[in-house]
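# Summary of the model geometry
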Amino acid sequence: MQAFTAILNELDHVVNHPSEAVRKFKKETGREVIGCLPIYVPEEIIYAGHMLPVGIWGGQTNIVKSGAYLPGFACSIMRGIMEFAVQGTYNDLSAVICPVHCDTLKCIGENWKVAVPNVPCIGLVYPQNRKSETGIAFLTAEFQQIRSQLESLTGRPIADEDIENAIIIYNEHRKTMREFSKIARDFPVTVSPKVRHRVMKSAFFMDKAKHTMLVKALISELRSLPAEEWTGSKIVLTGIIAEPDSFLDLFTDYGIAVVGDDLAHESRQYRTDVPQDGNPLERLARRWADLEGCSLAYDPAKKRGQMIIDTVKENGADGVIVTMMKFCEPEEFDYPILKKEFEKAGVPHLYIELEQQADSVEQLRTRLQGFTEMLYRR
Amino acid sequence: MVNQKLNSKQLLQQLLDDHYAGALAAKDRGELIAWSTSIAPQEFCEAMGIYTVYPENHAAAIGAKKGSESLIELSESHGYSADICSYARVNMGYLELQESVAGQIPLPDLLICCNNICNTVIKWYENIARELNIPLIMFDMPFNYNYGVAKHNVEYIKGQFQDAIKKLEEITGRSFDYDRLREVMEISSQSAIWWKKAMGLAQAVPSPMNGFDIFNYMALIVCMRGKKETVELFKLVAQEHEEKIKAGLGPWKDRPEEFRIMWDGIACWTALGNTYKFLKSQGINMVGSTYPDSWSIIYDSNDIDGMARAYSSNFVNRNIDFRVDNICQIVHDFKVDGIIYHCNRSCKPQDFCQYEVQRQVEDRTGIPSVMFDGDQTDPRAFSQAQFENRVQALCEMMKAKKQSSRNGSE
Ligand code: SF4
Ligand code: SF4
């Protein structure tokens, strides 16, 4: 248990001090750190270039300067990112990569170029027709551009072989994160919703090989322990991100365990491995083709609802909590369909609108309490 | 055929009435109906003889006739957030009710979606496809974060054209008529050329055109770009404008054009009359907008690369540098005195670059501008009082500027 706590503290430290992690990497290696805006940036290419990819997912801050670029009805995660960007928080980064999944991200990339000229912003478009060969060829070409731009940024070529190796490391990391999510179910006390979230989040600021090692150590510590009893309720989370942390603290207050998630910030990253066949960039593109159940990956069949229902069943959950990122159209459009499907399948759900900068989540108390009471009565 | 005795407005109304009635009749005959986004490559369905209707146009008409709020409330009651584009909320409400103050459109058997206007339409059309369990043909036009359209984008779009043809053959059970496609491409390009020419005549001082008329003419370039009648209509509009220019006539009979402005963004359909009246009361004529260029989808009739590039080049599918250049060009060509930016609650791809665009355009052109908060079809997000305040402020700035340039030239 001591080792467990020590690792958790290490991960927690990184989550609380991402800038320190960035500076440390730069100092120790003399190499570049590249920021990755949400979501699905092909980190393998960055990693293969011996740089550190770090996730940029906003955080809590006061919105002051970003109001010059974005009106109040942009999602809070992007308002947060713009705020940090304008305030200089990202100045240690050598570049950021902005995948333009939604209308908001298109504009973030554009504003970035003006607002933070000292940190170049590399654009990236993911194709909607992602399964057709022309779509895969297009994405491969986009990845090739990313590779060339990173090469000219650093003056170092990025070899195919190094990308192949990075793919192995990343696939191993994904597998490990899936395992962690699975075993965490059996330890709802030790791996509280907040702990679970922080373990997931720490991956964004660490060398993935190291993160894999630490999470594997966590898993083996847990394996040596007896499963914990849980009399509270069990839920699956869906949405973009489950922050601020104070929101997850409420889960603990009301005896709610997270036994699975469909969050963009967490498990959606880890569901799909890079497949085996083809040249390395094409393989990365085929991962986008294989991915399912994400509001940003075109799917006229809308399989996401059924996938969440399956996650509920597989993990013995009592219901779903939808953490809706306010003003996120991709997610807001999925919701009416999800709602219908949850109702049809008899899966209870709670819809909560979240803003990352919310300074108080107190008003959510009664809603969470009401929801858990309803689950108990069932 | 075109009846020469009608003026352009009468003809426009007749063509639109025929368009909607034709679609309903086709549905009754059991023919396929497509729903499409407003700047999608309509050439393929047109070549296949598939009746296509445009929910955005329908939603706008519903908004203009003050019927949007109840449909919006209906879709919101099913979980559609008040934050999403109100066209989608109107349309999802309509899908359920199948009734509106602006008449009916037949339900679709297939969907055509093109994200050169926004990624919102992807989600919106996914939902329709799912609700009705019908096929969706997606034309993905990658956002141009660099200034121009990249070569691999063109290749990708061309590949999608081929995939779409295959899909249409499967859906209809008929083989695709490539000769007819060439013809439709020719007509569509002509429509676009005449659209741009007719709207471009507003460059004259005074403008022969009451600027808000573009919001009416727009319906046709959206709904019937591939039809010969559309070419005829815009030729007629151009002719009318040219005659007025020759006669030295301005936009209105009862007052002169004092200020020429550009309007950035979609109209507030639910307050079209009131916003128009107020502008006119201040002597303001809207002469410029990004609309003439939005449907300037011009290419040679056998040039598929050109067609791919043209569809991908739409204003909101372009980066900030292009947008600023484009607006500065409009300011110059249309001799604009000021700009009104509609910060349209519905339209995130437009709004979230708008602050920066406004700054850069003002820096470069030196002309004054204001921004107001509104929405195209959700009346709850628009305030006439705020609109009037901002317009008055703009008037003051435009007056001061005219005054100082007069003083300067003395
Ligand atoms: S709108 Fe949604 S998908 Fe887009 S940046 Fe915001 S949270 Fe992400
Ligand atoms: S108003 Fe804007 S968001 Fe809505 S459909 Fe049109 S372009 Fe898309």
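Up top is the structure.
Residues numbered from 1 in each chain as written. Chains lettered and ligands numbered in written order. Predicted model: local features only at pLDDT ≥ 70, side-chain atom pairs only at ≥ 80, totals over all residues. Heavy atoms only, no water.

### A word on the overall build of chain B
For clarity, the threshold we go by: Helix and strand definitions here come from DSSP, where helices need a minimum of 4 consecutive H or I residues and strands a minimum of 2 consecutive E residues; each element is numbered from the N-terminal end. We take the radius of gyration over the C-alpha atoms and set the globule estimate at 2.2 Å times the residue count to the 0.38 power. For every residue, the accessible area (1.4 Å probe, protein chains only) is compared with the maximum for its type, and the residue is labelled buried under 20%, exposed over 50%, or partly exposed between those bounds. By definition, residues are in contact when any of their heavy atoms lie within 4.5 Å. For every accessible area listed, the method is Shrake-Rupley and the probe measures 1.4 Å; residues are considered covered only by the protein chains on display. Positive charges come from Lys and Arg alone, negative charges from Asp and Glu alone, with His and the N- and C-terminal ends not counted. Where a charge lies is defined by one atom per residue type: Lys uses NZ, Arg uses CZ, Asp uses CG and Glu uses CD.
Within chain B one finds 16 helices and eight strands. In summary, chain B has a C-alpha radius of gyration of 21 Å against a globular reference of 22 Å for 410 residues, a match within 12%. By its C-alpha atoms, chain B is 75 × 45 × 45 Å across when sized along the principal axes. In chain B, which comprises 410 residues, the proportion classed as buried is 62%. Relative to all contacts within chain B whose residues are 6 or more apart in sequence, the contacts with residues 24 or more apart total 78%. For chain B, the exposed surface amounts to about 15,400 Å²; the carbon and sulfur share of it is 49%. When the 43 positive and 53 negative side-chain charges of chain B are each reduced to one mean point, those points stand 3 Å apart.

### Comments concerning the interface of chain A and chain B
Threshold: Note: buried area is the sum, over both parts, of the accessible area (probe 1.4 Å) each one loses when the two are combined. For this analysis, a salt bridge means a side-chain nitrogen from Lys or Arg found within 4 Å of a carboxyl oxygen belonging to Asp or Glu. Whenever a nitrogen or oxygen atom comes within 3.5 Å of another N or O atom, the pair is scored as a polar contact, on the condition that within protein one atom can donate a hydrogen and the other can accept it, and that pairs from neighbouring residues in sequence are kept only if both atoms are in side chains. Here the term charged refers only to Asp, Glu, Lys and Arg, the term nonpolar to Ala, Val, Leu, Ile, Met, Phe, Trp, Tyr, Cys and Pro, and the term polar to all other amino acids, Gly among them.
With 52 residues of chain A in contact, the opposing surface of chain B contributes 48 residues. Both faces combined, the contact of chain A with chain B buries some 4,500 Å², and carbon together with sulfur accounts for 58% of it. For the interface between chain A and chain B, the tally reads six salt bridges. On inspection of chain A and its partner chain B, the count reaches 32 residue pairs in polar contact (both at pLDDT 80 or more). Take the side of chain A that touches chain B: its biggest share by element is eleven residues, from helix H13 (residues 329–345) of chain A. Of the residues belonging to the side of chain A that touches chain B, the class tally is 26 nonpolar, twelve polar and 14 charged.

### What about the pairing of strand S7 (residues 319–325) of chain A?
All names here are of chain A. Spelled out, the test is: Any two strands are treated as partners once DSSP identifies two or more bridges connecting them.
In terms of burial, S7 is largely enclosed, as seven of its seven residues are buried. Residues of S7 alternate between two faces, with Gly319, Ile321, Thr323 and Met325 on one and Val320, Val322 and Met324 on the opposite face, all of them buried. Pairing geometry for strand S5 (residues 233–239) and S7, over five bridges, is parallel. Each residue of the ladder has a partner; that of Gly239, found in S7, is Thr323. Relative to strand S8 (residues 349–354), S7 runs parallel, the two sharing six bridges. Each bridged residue has a counterpart across the sheet, and for Thr323 the counterpart in S8 is Ile352.

### What to know about the sheet that holds strand S1 (residues 33–36) of chain B
All names here are of chain B. Heads up, the condition is: An axis is simply a line fitted to the C-alpha atoms; with a helix, the fit covers only the stretch in contact. Between two such axes, the angle follows the N-to-C directions and lies from 0 to 180 degrees.
The four strands lie next to each other as S2-S1-S3-S4, forming an open sheet whose pairing is parallel. Each end of this open sheet is capped by a strand with a single partner; those strands are strand S2 (51–53) and strand S4 (136–139). Recorded for the sheet is a direction-independent mean angle of 25 degrees between the axes of neighbouring strands. Relative to S4, strand S3 (residues 110–114) runs parallel, the two being bridged by four bridges. Along S4, the bridge assignment pairs Leu111 with Leu136. Sitting on the sheet, helix H1 (residues 8–28) touches S1 and S2, and the angle it makes with S2 is about 125 degrees.

### Let's talk about the site of ligand 2
Residue and element names in this part refer to chain B. Let me state the cut-off plainly: The nearness test applies per residue and asks whether one of its heavy atoms lies within 4 Å of the molecule or strand. We place a 1 Å grid over just the protein atoms. Points where a 1.4 Å probe fits but has no way out form a cavity, open points with protein on both sides within 12 Å along at least 5 of 7 lines form a pocket, and any residue with an atom within 4 Å of a point lines it. Throughout, a molecule is located in a cavity or pocket provided that more than half of its atoms lie within 2 Å of its grid points. The domain limits used here are those given by an automatic or database domain assignment.
Contacts to ligand 2 come from Cys85, Ile117, Cys118, Thr120, Val121, Ile266, Ser346, Cys347 and Gln376. The pocket occupied by ligand 2, as judged from atoms lying within 2 Å of grid points, is the largest cavity. Of the residues assigned to the shell around ligand 2, the class counts are six nonpolar, three polar and no charged. Split by domain, the shell around ligand 2 shows at least three residues from each of two domains, domain 1 (8–176) and domain 2 (182–409).

### Here we look at the state of the cysteines
Residue and element names in this part refer to chain B. Defined as follows: Only a pair of cysteine sulfur atoms within 2.5 Å counts as a disulfide in this structure description.
Within this structure, the stated rule accounts for zero disulfides over all chains. Note on Cys395: no disulfide assigned, nearest cysteine sulfur contributed by Cys268 at a separation of 17 Å. With relative accessibility at 2%, the residue Cys395 sits in the buried group.

### Brief notes about the site of ligand 1
Residues and elements named next belong to chain A. Surrounding ligand 1, one finds Cys75, Ile77, Met78, Cys102, Thr104, Leu105, Ile240, Leu296, Met325 and Cys328. Going through the elements one at a time, helix H4 (76–87) and helix H5 (103–115) are the ones with two or more residues in the shell around ligand 1. Split into classes, the residues belonging to the shell around ligand 1 amount to nine nonpolar, one polar and no charged.

### Description of the layout of surface pockets
Space left empty within the atom packing is revealed by a probe, the size of a water molecule, rolled over the atoms. Going by this rule: Grid points are joined across faces, edges and corners, and a volume is the space filled by probe spheres set on the points.
When its volume is computed, the largest pocket comes out at roughly 630 Å³. Along the walls of the largest pocket sit 28 residues, with Val15, Pro18, Gly58, Gly59 and Phe84 of chain A positioned nearest its centre. For the lining of the largest pocket, the secondary-structure elements that each account for two or more residues are helix H1 (2–16), helix H2 (18–29), strand S2 (52–55) and helix H8 (193–202) of chain A. Of the residues forming the lining of the largest pocket, the biggest block, four residues, is contributed by H2 of chain A. Along the lines of polarity and charge, the residues of the lining of the largest pocket split into 13 nonpolar, nine polar and six charged. By volume, the second largest pocket is sized at about 540 Å³. What lines the second largest pocket is a set of 22 residues, among which Gln13, Leu16, Ala61, Lys65 and Ala219 of chain B lie closest to the centre. If you list the elements that add at least two residues to the lining of the second largest pocket, you get H1, helix H3 (55–64) and helix H9 (213–223) of chain B. With seven residues, H1 of chain B is the single largest residue contributor to the lining of the second largest pocket. Of the residues belonging to the lining of the second largest pocket, the class tally is 13 nonpolar, six polar and three charged. In this structure, the lining of the second largest pocket is formed jointly by two domains, domain 1 (8–176) and domain 2 (182–409) of chain B, each of which donates at least three residues.

### What about unusual backbone geometry?
A cis amide bond links Pro38 of chain A to the next residue, Ile39 of chain A, at an omega of 5 degrees. Residue Pro206 of chain B follows Val205 of chain B across a cis peptide bond; omega there is -10 degrees. Structurally, Pro206 of chain B is set in the loop between helix H8 (178–200) and H9. Positive phi, close to 70 degrees, is recorded for Tyr40 of chain A, a residue that is not glycine. Mapped onto the elements, Tyr40 of chain A comes out in the loop between strand S1 (33–36) and helix H3 (43–48). Exposure remark for Tyr40 of chain A: the relative accessible area of 6% places this residue in the buried category.

### Some points on the sheet that holds strand S8 (residues 369–374) of chain B
Note: strands within a sheet are paired through backbone hydrogen bonds, in either parallel or antiparallel orientation. Residues and elements named next belong to chain B. With parallel pairing, four strands are arranged side by side in an open sheet as S6-S5-S7-S8. In the strand order of this sheet, the two ends are held by strand S6 (284–289) and S8, each with one partner. Strand-to-strand twist across the sheet, computed as the mean angle between neighbouring axes with direction ignored, equals 30 degrees. With five bridges joining them, strand S5 (residues 259–264) and S6 adopt parallel strand pairing. In the sheet register, Met262 faces S6, and the bridge partner there is Gly288. In the packing of helix H15 (residues 348–365) onto the sheet, contacts are made with S5, strand S7 (338–344) and S8, and the angle to S7 comes to roughly 165 degrees.

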